[in-house]
Amino acid sequence: MGGEVVRGVEWEGLRKHFGEVEGRTLRELFAEDPGRVARMGVQAGDLFLDYSKHRVTDETVGLLVALAEKAGLRDAVERMFSGEHINVSEDRAVLHTALRLPADASLHVDGQDVVADVHEVLDKMGAFAEKIRSKEWRGATGEPIATVVNIGIGGSDLGPAMAYEALLDYADAGITARFVSNIDPADLDGKLRGLDPATTLFVVSSKTFTTIETLTNARVARSWLVDALGEDAVGKHFAAVSTNAEKVAEFGIDTANMFGFWDWVGGRYSYDGAIGLSLMVAIGPARFREMLDGFHTIDEHFRTTPFEKNMPVLMGMLGIWYTDFFGAQTRAVLPYAQRLHRFPAYLQQLTMESNGKSVKADGSPVEVDTGEIFWGEPGTNGQHAFYQLLHQGTRLVPADFIGFAEPFADQAGMHDILTANLLAQTSALAFGKTAAEIAAEGTPPEIVPHKVMPGNRPTSTILAPKLTPRVLGELVALYEHVVFVEGVIWGIDSFDQWGVELGKKMALGLEPALTSEEPPGDFADASTESLVRRYRALRGRRV
Ligand SMILES: O=P(O)(O)OC[C@H]1O[C@](O)(CO)[C@@H](O)[C@@H]1O
């Protein structure tokens with residue numbers, strides 16, 4: 001299954017085909033076949049994908065789809081949706097898709113009615129959010145809540161923080177949210193500035209409730225609150241989101257104000273469940289549910305649409321095409337929407353924590369490159385920063401451009417200028433400008449090479465009507481499934497993250513060496529020892 005197709009017959013067929021396509025330009029491909037635009041467009045929910053500006057022909061798409069079939073992708077999708085333990089290294093089901101099943105759906109996993117559990121939590125979150133939004137919930141001094149501060153990190157931060165920013169225009173109850181993640185005290189300090197403890201609610205979000213950054217920030221936030229309002233205020237100003245009720249209670253948060261989820265939801269796949277609580281407070285339960293409908297729409301599309309028209313399958317297989325055949329290292333994600341400014345950061349965890357693996361699910365080494373490096377910035381800002389390399393650099397950087405037809409609000413035609421830039425960039429990247437064209441404009445010959453735009457730089461364009469809660473859900477689900485498709489082809493477990501553990505453990509071991517009054521003890525390596533001594537000296541401690 002999966003990784004077995006790497007270097008198999010279909011793979012080698014693609015390699016041979018790659019030899020034929022590699023030397024062709026997008027100019028040639030479009031000139032020969034203008035009809036490709038009509039064929040290379042797919043719709044999924046509100047999202048339209050134009051993938052005609054990719055270095056592919058119909059044959060490429062056919063071969064990529066055949067590879068996906070051979071890899072058992074169809075079966076793998078069913079195994080995920082039905083709750084099989086496809087996260088093999090942790091022996092867990094992978095069921096983020098269950099977080100957005102409608103209430104009348106049915107799914108039993110490991111003897112448990114998953115849909116009922118999910119909707120029980122959604123209802124509890126909804127009731128809590130409404131109480132805060134309607135000002136029925138009062139803080140210790142009787143004042144309503146004005147700010148929700150989410151304390152979490154990784155999947156317990158990036159999802160809700162990204163979505164809150166994306167949907168800021170829908171935050172209609174006058175409640176703002178802030179997100180604290182970093183153990184750097186500057187983060188909490190900055191986020192607490194200007195806040196009144198009497199009108200602040202902390203949501204401590206941690207799947208495990210053992211993450212040092214989150215618990216430390218939560219402790220400091222607790223002291224900030226207690227110093228101002230006293231110990232009895234904690235119950236009215238702290239809620240928790242976790243799978244670990246015992247640790248939540250130990251921390252001193254009333255489990256009546258705890259919102260749960262399950263081990264079958266990975267941290268980076270969790271903001272459409274209870275981890276989205278602060279988002280729900282800001283935009284309201286109805287809009288949160290609209291977002292879940294968007295997720296579900298793409299889940300259904302992914303599960304039921306033939307691969308040739310299946311957006312996550314096509315985008316995932318294009319990722320394989322560029323990573324393993326063209327040797328591309330990265331994929332840029334370029335939303336032409338300022339509200340999506342945290343989307344690339346969110347995708348970095350989703351994609352890189354999932355597919356940054358060098359062994360297959362069975363523990364054997366992978367044979368090809370895995371894990372695209374995702375990065376990006378909103379357009380048009382990126383155009384004035386790093387697009388130079390995209391246009392004229394030596395590296396191939398496939399890019400996803402994301403645009404919307406309708407802005408939430410427009411002024412002076414700014415939104416059309418934004419969209420014109422998106423379209424201009426993808427066109428320039430694909431078709432460039434030749435030396436002859438530049439010379440014909442009267443450019444001095446010695447300057448011509450500097451102005452040549454090589455083109456042939458592949459892009460996807462994703463266009464949606466408007467950045468609504470539903471469309472955001474669709475976009476996120478799209479990328480979740482892109483990750484899945486790639487993981488299946490590579491045969492890896494996209495749902496564990498063992499690579500982050502060693503560094504965490506070592507930090508715990510190193511911290512006493514930084515703070516102790518005793519001379520530093522033994523170290524595993526001389527470089528770290530020398531840096532510890534230098535740090536201690538800089539902090540005026542004994543070396
Ligand atoms: O929600 P938790 O348990 O605090 O974990 C936070 C993050 O830490 C990680 O485990 C990585 O260190 C992520 O996978 C997770 O999203």
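- As named in an unreviewed UniProt entry, the protein is Glucose-6-phosphate isomerase, taken from Actinocorallia herbida.
- For the record of the protein, the UniProt heading Sequence similarities (unreviewed entry) holds the text "Belongs to the GPI family."
- Under the UniProt heading Function (unreviewed entry), the entry covering the protein gives this text: "Catalyzes the reversible isomerization of glucose-6-phosphate to fructose-6-phosphate."

**Thoughts on the overall build of the protein**
Okay, so step 1: Scanning the protein from terminus to terminus reveals 22 helices and 13 strands.
Okay, so step 2: Against the globule reference of 24 Å for 543 residues, the protein gives a C-alpha radius of gyration of 25 Å, in line with a compact fold.
Okay, so step 3: With respect to the three principal axes, the spread of C-alpha positions in the protein is 75 × 65 × 55 Å.
Okay, so step 4: Out of the 543 residues in the protein, the part that is buried amounts to 52%.

**Quick word on the domain arrangement of the protein**
Okay, so step 1: Domain annotation for the protein reports domain 1 (5-71 + 305-493), domain 2 (96-287) and domain 3 (501-539).
Okay, so step 2: Domain 1 puts 23 residues into the contact, and the matching count from domain 2 is 19 residues.
Okay, so step 3: Interface area for domain 1 against domain 2, summed over the two sides, is near 2,000 Å², with a carbon-plus-sulfur share of 59%.
Okay, so step 4: Scanning the region where domain 1 abuts domain 2 turns up three salt bridges.
Okay, so step 5: Across the pair Glu353 and Arg268 runs a salt bridge, and its minimum N-O distance is 2.9 Å.
Okay, so step 6: Where domain 1 meets domain 2, there are eight residue pairs in polar contact (both at pLDDT 80 or more).
Okay, so step 7: Looking at the side of domain 1 that touches domain 2, its residues break down into 12 nonpolar, five polar and six charged.

**A short note on the packing of helix 14 (residues 311-326) against helix 20 (residues 469-490)**
Okay, so step 1: Interaxial distance between helix 14 and helix 20 falls to 8 Å at its minimum, and their mutual angle equals 50°. In this view, helix 14 runs oblique relative to helix 20, as classed from their interaxial angle. Note that helix 14 runs across helix 20; the crossing there is right-handed. Each of Met311, Pro312, Val313, Met315, Gly316, Met317, Gly319, Ile320, Thr323 and Asp324 in helix 14 lies in contact with helix 20, whose residues at this interface are Leu478, Tyr479, His481, Val482, Val485, Glu486, Ile489 and Trp490.
Okay, so step 2: Per-class residue counts for the contact of helix 14 with helix 20 are 12 nonpolar, four polar and two charged.

**Points about the side chain of Asn150**
Okay, so step 1: When you line up the elements, Asn150 lands in strand 5 (residues 147-151).
Okay, so step 2: For Asn150, the side chain forms a polar contact with the side chain of Ser205, separated by 2.8 Å.
Okay, so step 3: A distance of 3.4 Å separates polar atoms of two side chains, one belonging to Asn150 and the other to Ser278.
Okay, so step 4: Residue contacts for Asn150: discarding those within four places in its chain leaves Ser156, Asp157, Arg178, Phe179, Val180, Val203, Ser205 and Ser278.

**Describing the packing of aromatic side chains**
Okay, so step 1: One pass over the structure, following the stated rule, counts 28 aromatic pairs.
Okay, so step 2: Here a set of aromatic residues connected by ring pairs shows up, and it is made of Trp11, Phe18, Trp321, Tyr322, Phe325 and Phe326.
Okay, so step 3: The cationic tip of Arg74 hangs over the ring face of Phe307; the distance from NZ or CZ to the ring centre is 4.2 Å.
Okay, so step 4: Positioned above the aromatic ring of Phe259, the side-chain terminus of Lys124 is 5.1 Å from the ring centre.

**Points about the site of the ligand**
Okay, so step 1: Surrounding the ligand, one finds 14 residues, the nearest of these being Ser156, Ser206, Lys207, Thr208 and Thr211.
Okay, so step 2: Out of a free accessible area of 400 Å², the ligand has 88% covered by protein chains.
Okay, so step 3: Of the residues belonging to the shell around the ligand, the class tally is two nonpolar, nine polar and three charged.

Conventions and cut-offs
- Residues numbered from 1 in each chain as written.
- Predicted model: local features only at pLDDT ≥ 70, side-chain atom pairs only at ≥ 80, totals over all residues.
- Heavy atoms only, no water.
- UniProt positions renumbered as here; feature names shortened; annotations may be inferred.
- Helix = DSSP H or I, 4+ residues; strand = E, 2+ residues; numbered from the N terminus.
- Rg over C-alpha atoms; globule rule 2.2 N^0.38 Å.
- Buried < 20%, exposed > 50% of the residue type's maximum accessible area, 1.4 Å probe, protein only.
- Domains from an automatic or database assignment.
- Contact = heavy atoms within 4.5 Å.
- Buried area = accessible area lost by both parts, 1.4 Å probe.
- Salt bridge = Lys/Arg side-chain N within 4 Å of Asp/Glu carboxyl O.
- Polar contact = N/O pair within 3.5 Å; in protein donor to acceptor, adjacent residues only side chain to side chain.
- Nonpolar A, V, L, I, M, F, W, Y, C, P; charged D, E, K, R; others polar.
- Axes fitted to C-alpha atoms, helices over the stretch in contact; angles between N-to-C directions.
- Parallel < 35°, antiparallel > 145°, perpendicular 65-115°, else oblique.
- Left-handed = near helix turned anticlockwise from the far one by under 90°.
- Phe/Tyr/Trp six-rings, centres within 6.5 Å; stacked < 30°, edge-to-face > 60°.
- Lys NZ or Arg CZ within 6 Å of the ring centre and 35° of its normal.
- Near = heavy atom within 4 Å.
- Areas by Shrake-Rupley, 256 points an atom, 1.4 Å probe, with all protein chains shown as cover.

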